[in-house]
Amino acid sequence: MDSNEKNIKFAEDFAAKTDELQLASSSTLSRYTELLLAIACGMAVANVYFAHPLLSSIASEFSIEPSIIGIVITVTQICYALGLLLLVPLGDLFIQRRLIIGQMFMLVVALIVVGIAPTSIVFFIGVAIVGLLATVTQTLVAYASTLAVPTERGRIVGFVTSGVVIGILLARTFAGIMADLGGWRSVYLSSAVLILILIGLLNKELPGTVYKRPSLSYPKLLHSVLMLFVQERILLIRGILALLIFTVFSTFWTSLVFPLSSPPYSFSHTSIGVFGLAGVSGALAAARAGRLADRGLGQLTTGVALVLLIASWFFISSINYSILVLIIGIILLDLAVQAVHVTNQSLIFKVLPEARSRLTAAYMVFYSIGSATGSIVSTNIYANYGWNGVCLFGISVSVLALVFWIATYRLTKEIMKK
């Protein structure tokens, strides 16, 4: 390379860095925009979890065996994982605002298909497409992290991500109330209406592109996502943690409907859905985990949260003796899962700023695998071994997560120092 070429390359690099610095100093989010992004995340991801308190009704209408009805959640999560790999990385290629609006419009159509499905085949096709398109949630998270200034990225990611977890939890409350009022189909149709309203708000508020896009073809973009698993060890470590904690999360919330809808409780859909409110307090408390990660306390936060996750199962196992004790367990479980999840994302977003959509996609694949595993395994365990079997599985996976964190503690510290 001659001197002229070196000078040109230096000028181009300097200009790129200058653009990044200007972006970092000027990009910020208003409180309203932060709140809108959090609500959008929650409403989008809630569609994946509406079926949890509705499993009995869906199984009855379409004559599906109770022992395998958990496959509804599994199908949705598998398609969610596919959407993470195929759709979320597009946020690094195209204007994220347009991508978000377009994907949410298609989600509305898919929800209507589920709501009017005449057969189980149409229903499963509909929920599969809903799972695929609900990944707009992760495009929104990556979008928020890109708009945020570096010193506030952990806080904003924590706040927006709290919308995701709250959406997951309130999905049960919303689904339970709507199912009692108008049947399980009304859950999906009313969600379609609400998201349509949200699209109008997002279209008015969200800014356009905020950084220069890489010149990659779509196949190369997908290949780069796969390479992240090999190149970024922090992604692999925190991704495995995500797989384990969301296996636990899905194990609990998928199977909870069965003991609560059976004697001695025999709760209605609305009553079962209200238990999601207990988890919201835990999720809100855990939003501070992003601030702790910004201060370099991500590893400590993770360790404490995993200990709480294990402890939560001792309370949860008392479901037949005390609802109050169960609620304490729910709060602890959701606090722990959310704290680890927010910390994971805060640490991962510190690498490769230009690839945040791809990093999000790669990380959330672990989340989907964990959620799908917990859903299908827990329903089978409950059918064969009851609630005690579910609790034994949940605490075993929680202990495994803590052991893995301890085993990778030193390696994670070394990686984050670089």
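Counting starts from 1 at the beginning of each chain's written sequence and moves along it residue by residue. In keeping with the predicted nature of the model, local features appear solely for residues at pLDDT of at least 70, side-chain atom pairs appear and are counted solely at 80 or more, and the whole-chain, interface and lining totals rest on all residues. The basis for every side-chain value is the complete set of heavy atoms in the structure, and neither hydrogens nor water enter the calculation.

Caption draft 1: Region of the structure containing the overall build of the chain. Scanning the chain from N- to C-terminus turns up 18 helices and 0 strands. Each residue is assigned to one of three classes by its accessible area relative to the maximum for its type, calculated with a 1.4 Å probe on protein chains only: buried under 20%, partly exposed between the two thresholds, exposed over 50%. Within the chain, the fraction of its 418 residues that count as buried is 56%. Note on contacts: a residue pair is in contact if any heavy atoms of the two residues lie within 4.5 Å. The long-range share in the chain, meaning contacts at least 24 apart out of those at least 6 apart in sequence, stands at 85%. For every accessible area listed, the method is Shrake-Rupley and the probe measures 1.4 Å; residues are considered covered only by the protein chains on display. On the chain, roughly 17,000 Å² of surface is accessible, and the fraction owed to carbon and sulfur atoms is 69%. Helix numbering and strand numbering both begin at the N terminus, where a helix is a DSSP run of H or I of at least 4 residues and a strand a DSSP run of E of at least 2.

Caption draft 2: Quick look at the environment of Leu 284. Structurally, the position occupied by Leu 284 is in helix 13 (residues 269-286). Residues Leu 284 and Ala 339, 55 residues apart in the sequence, show an inter-C-alpha distance of 9.6 Å.

Caption draft 3: View of the pattern of salt bridges. We count a salt bridge whenever a side-chain nitrogen from Lys or Arg sits within 4 Å of a carboxyl oxygen from Asp or Glu. Counting across every chain of the model gives 2 salt bridges. Between Arg 31 and Glu 34 there is a salt bridge; the shortest N-O distance is 3.6 Å. Residue Arg 31 and its partner Glu 34 are both found in helix 2 (residues 31-49); the two are separated by 3 residues, about one turn of the helix. Residue classification places Arg 31 among the exposed positions, given a relative accessible area of 61%. A salt bridge links Glu 61 to Arg 185, with the shortest nitrogen-to-oxygen separation between them at 2.7 Å. Of this pair, Glu 61 sits in helix 3 (residues 55-61) while Arg 185 sits in helix 9 (residues 184-205), placing them 124 residues apart in sequence. When its relative accessible area of 22% is taken as the criterion, Arg 185 is described as partly exposed.

Caption draft 4: Fine view of unusual backbone geometry. For the bond running from Pro 263 to Pro 264, omega is 10°, close enough to zero to count as cis. In this structure, Pro 264 sits in the loop between helix 12 (257-261) and helix 13. The phi dihedral of Ser 266 falls on the positive side, at around 50°, and the residue is not glycine. Checked against the element boundaries, Ser 266 lands in the loop between helix 12 and helix 13.

Caption draft 5: How the structure looks around the environment of Phe 366. Along the chain, the position of Phe 366 falls in helix 17 (residues 356-407). In the structure, Phe 366 is positioned 126 residues away from Ile 240 in sequence and 6.5 Å away in space, judged by C-alpha atoms. Beyond its immediate sequence surroundings of up to four residues, Phe 366 is in contact with Phe 229, Leu 235, Leu 236, Gly 239, Ile 240, Ala 242 and Leu 243.

Caption draft 6: Layout of the nonpolar core. By nonpolar core we mean a set of buried residues, namely Ala, Val, Leu, Ile, Met, Phe, Trp, Tyr and Cys, connected to one another through side-chain atoms within 4.5 Å. Core analysis: the largest hydrophobic core is formed by 125 residues, its most contacted members being Phe 252 and Leu 333. Beyond its immediate sequence surroundings of up to four residues, Leu 333 is in contact with Val 248, Phe 249, Phe 252, Trp 253, Leu 309, Ser 312, Trp 313 and Ile 316.

Caption draft 7: Here's a closer look at the side chain of Ser 255. Inspection of the secondary structure assignment puts Ser 255 in helix 11 (residues 233-255). Look at Ser 255 and you get buried, because its relative accessible area is 0%. Setting aside chain neighbours within four positions, we find Ser 255 in contact with Ser 378, Trp 387 and Val 390.

Caption draft 8: A look at helix 8 (residues 153-182). The length a helix should cover is 1.5 Å for every residue beyond the first. Between its first and last C-alpha, helix 8 extends 41 Å over 30 residues, near the 44 Å set by a 1.5 Å rise per residue. Its maximal kink placed at Leu 170, helix 8 deviates by approximately 30°. A large share of helix 8 lies buried, amounting to 22 of its 30 residues. Positioned one or two residues after helix 8, Gly 183 has a phi angle of 85°, which is positive. The angle separating two fitted axes, one through the seven residues that finish at a residue and one through the seven that start at it, defines the bend at that residue.

Caption draft 9: Up close: the confidence of the model for the chain. Residue-level confidence of the predictor is what pLDDT reports, using numbers from 0 through 100. Looking at the chain as a whole, its pLDDT mean stands at 83, while 89% of the residues score no less than 70. When pLDDT is averaged over each helix and strand of the chain, the minimum, 40, is found for helix 1 (residues 3-26) and the maximum, 94, for helix 9. This model gives residues 3-27 a pLDDT under 50, and the stretch forms 9 contacts once residues within four places in sequence are excluded.

Caption draft 10: A look at a nonpolar patch on the surface. Together, Tyr 32, Val 193, Leu 194, Ile 197 and Leu 201 line one region of the surface with nonpolar side chains, adding up to about 450 Å² of accessible area. Its place among the elements puts Ile 197 in helix 9. To count toward a patch, a residue needs a relative accessible area above 30% and no salt bridge. Like charges then connect within 9 Å, nonpolar side chains (Val, Leu, Ile, Met, Phe, Trp, Tyr) within 5 Å.

Caption draft 11: Structural view of the packing of aromatic side chains. Only the six-membered ring of Trp is used, alongside the rings of Phe and Tyr, when aromatic pairs are assigned; centres must lie within 6.5 Å, and planes under 30 degrees apart are stacked while those over 60 apart are edge-to-face, with the rest tilted. Evaluated as defined, the whole model comprises 19 aromatic pairs. Ring plane angle 65° and centroid distance 6.2 Å describe the contact between Phe 252 and Trp 387, whose orientation is recorded as edge-to-face. Highlighted residues: Phe 252 in helix 11 and Trp 387 in helix 17, separated in sequence by 135 residues. Comparing Phe 252 with Trp 387 shows no difference in burial state: the two are buried. Here Trp 405 and Tyr 409 contribute two aromatic rings whose centre-to-centre distance is 5.4 Å and whose plane-to-plane angle is 80°, an arrangement assigned as edge-to-face. A relative accessible area of 14% places Trp 405 in the buried class. Residue class for Tyr 409 comes out partly exposed when judged on its relative accessible area of 34%. One aromatic cluster is present, formed by Tyr 80, Phe 246, Phe 249, Phe 252, Trp 253, Trp 313, Tyr 367 and Trp 387 through successive ring pairs.

Caption draft 12: Inspection of the environment of Val 164 at higher detail. For Val 164, the position within the fold is in helix 8. Setting aside its immediate chain neighbours within four residues, Val 164 contacts Cys 41, Gly 42, Val 45, Thr 137 and Val 141.

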